[in-house]
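Residues per chain, in single letters:
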Amino acid sequence: KPDILAPGGYVRSCRAQEATDIGSSTWSNAYYVEYTGTSMAAPNTAGAAVMVREYLEEIALRPSPQGALVKALLILGAQDIGSRDIPNDDEGWGRLNLLETLAPSFGGIWVDDRSILSGTGNSKTYSFNITQANSKFKTVLVWSDERGSPFSSTQLVNNLDIEVTNPSGQIYLGNDFANGRSTTGGVADNLNNVEVVLIDNTELGVWTVVVKDVYHGGSKAQPFALAVLGYGVN
C-alpha cells in the first residue's frame, strides 16, 4: 500500500459557503480553497474512477462493471515516477494517468470481469498473441475479497495468483518485482488482492496468462477482474 498515487499538492477545489474552518489552507477566496494531502488526492482518484466507469458503460458498452475492474484499469495505466522502483510504499503501482488507462499510447487493452473461481485448485487461462517485439506487456489482477475475520493473522480469505508465461516458457509471478519490472524465479504473493506483471521487452508469439485459485477460504465463488495491455491485445 498505497495501490496508486494521485496529485494532492496545492489543489484548489470548491469551497462550501458555510465553511469557516479554513485556517490550514494555503489559499482561499469566497468560492475556492487550496489544500495539500490525502483529502485532495482521494477526490482526484474518485473522479478518475467515475470516468473509467462511465467509459466502460457508455463507450465500451460494458454494463455494471465490477469495482475491481475500475481499480485494475487505474493501476494498468499508472505511471512509475522517478527511478524505476514500483511497487513501493510511496507511490504503490505509480501515479494515476487517466489517458493511459483509457487511451494508451501503445498497444491495446483487454479486460475480463465476468469470470469466477469457485474453489481451491481452479484456474482460468487466457492467451494473447503479441505482435510487436521489445514492447511492454502489463497485466493486472484485482478481486474484491470476502470479508475477513478480525481474529485472523492473515486477512486474505481467497488467495488468487496470476502467472504469465512467455513464448520461451519463462514464468512471471504476480508482484515479483525488481527495479520496477517483473522477474522470474520468485515466489507467489499470498497477501494482496492486487497482483501485477509488467514486462518491458516482450518477444513475439503467444503469451499465456493464468489466474489461479490457490486457496479458497470463503463460502462463495470469487469474481475477479483482469486487465491486460500490450500489442496484439484487444
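To start, this report covers the structure provided alongside it. (Residues numbered from 1 in each chain as written. Predicted model: local features only at pLDDT ≥ 70, side-chain atom pairs only at ≥ 80, totals over all residues. Heavy atoms only, no water.)

### Remarks on the sheet that holds strand 10 (residues 181-184)
Right, so step 1: Taken in spatial order, the 5 strands line up as 6-12-8-9-10 in an open sheet, and their pairing is antiparallel. Of all strands in the sheet, those bounded by a partner on one side alone are strand 6 (123-130) and strand 10. Looking at each pair of strands side by side, their axes are set apart by 40° on average, direction ignored.
Right, so step 2: Relative to strand 10, strand 9 (residues 171-178) is paired through 3 bridges, and the arrangement is antiparallel. Among the inter-strand pairings, Y172 is bridged to a residue of strand 10, identified as T184. (Pairing = 2+ DSSP bridges. Helix = DSSP H or I, 4+ residues; strand = E, 2+ residues; numbered from the N terminus. Axes fitted to C-alpha atoms, helices over the stretch in contact; angles between N-to-C directions.)

### Comments concerning the pattern of salt bridges
Right, so step 1: Across all of its chains, the model carries 11 salt bridges by this definition.
Right, so step 2: When the shortest N-O distance is used, the salt bridge between K71 and D3 registers 3.0 Å. With a gap of 68 residues between them, K71 in helix 2 (residues 67-77) and D3 in the segment before strand 1 (11-14) connect regions that are remote in the sequence.
Right, so step 3: For K71, a relative accessible area of 27% corresponds to the partly exposed category.
Right, so step 4: Overall, the relative accessible area of 17% leaves D3 in the buried class.
Right, so step 5: Within the structure, one salt-bridge network assembled from shared partners comprises D80, R84, R181 and D200. (Salt bridge = Lys/Arg side-chain N within 4 Å of Asp/Glu carboxyl O. Buried < 20%, exposed > 50% of the residue type's maximum accessible area, 1.4 Å probe, protein only.)

### A few points about the pairing of strand 9
Right, so step 1: Relative to strand 9, strand 8 (residues 158-165) runs antiparallel, the two being bridged by 3 bridges. Residue pairing in the sheet places E163 in a bridge with L173 of strand 9.
Right, so step 2: If you look at the hairpin formed by strand 8 and strand 9, you'll find 5 residues sitting between the two strands, and G169 has a positive phi there, around 95°.
Right, so step 3: Where strand 9 folds back on strand 10, the antiparallel hairpin that results is connected by 2 residues, among which N179 adopts a positive phi of roughly 55°.

### Topic: the side chain of E195
Right, so step 1: Its place among the elements puts E195 in strand 11 (residues 194-199).
Right, so step 2: K212 provides the closest opposite charge to the buried, salt-bridge-free E195, at an N-O distance of 10 Å.
Right, so step 3: There is a polar contact of 3.1 Å between the side chain of E195 and the backbone nitrogen of I162.
Right, so step 4: Among residues more than four places away in sequence, those in contact with E195 are T139, V140, L141, W143, L160, D161, I162, G174, N175 and D189. (Lys, Arg positive; Asp, Glu negative; His and termini not counted. Polar contact = N/O pair within 3.5 Å; in protein donor to acceptor, adjacent residues only side chain to side chain. Contact = heavy atoms within 4.5 Å.)

### Notes on the nonpolar core
Right, so step 1: L73, L74, W93, V140 and V196 are the most contacted members of the largest nonpolar core, which has 29 residues in total.
Right, so step 2: Those elements that place two or more of their residues in this core are helix 1 (38-59), helix 2, strand 7 (137-142), strand 11 and strand 14 (225-230).
Right, so step 3: If one sorts the elements of this core by residue count, helix 2 sits on top with 8 residues.
Right, so step 4: With residues up to four places along the chain from it excluded, the contact list for L74 reads I4, T45, A48, A49, V52, L96 and T101.
Right, so step 5: Formed by 21 residues, the second largest nonpolar core is a distinct cluster that contains Y126, L141, L160 and Y172. (Core = buried A, V, L, I, M, F, W, Y, C linked by side-chain atoms within 4.5 Å.)

### Considering the packing of helix 1 against helix 2
Right, so step 1: Between helix 1 and helix 2, whose axes approach to 10 Å, the crossing angle comes to 110°. Relative to helix 2, the element helix 1 lies roughly perpendicular. For helix 1 against helix 2, the interelement crossing comes out right-handed. Of the residues in helix 2, those touching helix 1 at T45, A48, A49, V52, R53 and L56 are L69, V70, L73 and L74.
Right, so step 2: Grouping the constituent residues of the contact of helix 1 with helix 2 by class yields 8 nonpolar, 1 polar and 1 charged. (Parallel < 35°, antiparallel > 145°, perpendicular 65-115°, else oblique. Left-handed = near helix turned anticlockwise from the far one by under 90°. Nonpolar A, V, L, I, M, F, W, Y, C, P; charged D, E, K, R; others polar.)

### Observations regarding the pairing of strand 7
Right, so step 1: Burial of strand 7 is extensive: 6 of the 6 residues sit out of reach of the surface.
Right, so step 2: Residues F137, T139 and L141 line one face of strand 7 and the alternating positions K138, V140 and V142 line the opposite face, and both faces are buried.
Right, so step 3: The sheet contact formed by strand 7 and strand 11 spans 6 bridges and is antiparallel. Bridging across to strand 11, V142 finds its partner in V194.
Right, so step 4: Looking at chain direction, strand 7 and strand 14 are connected through 5 bridges and run antiparallel. Paired with L141 across the bridge in strand 14 is L226.

Geometric values such as these leave the question of function open.
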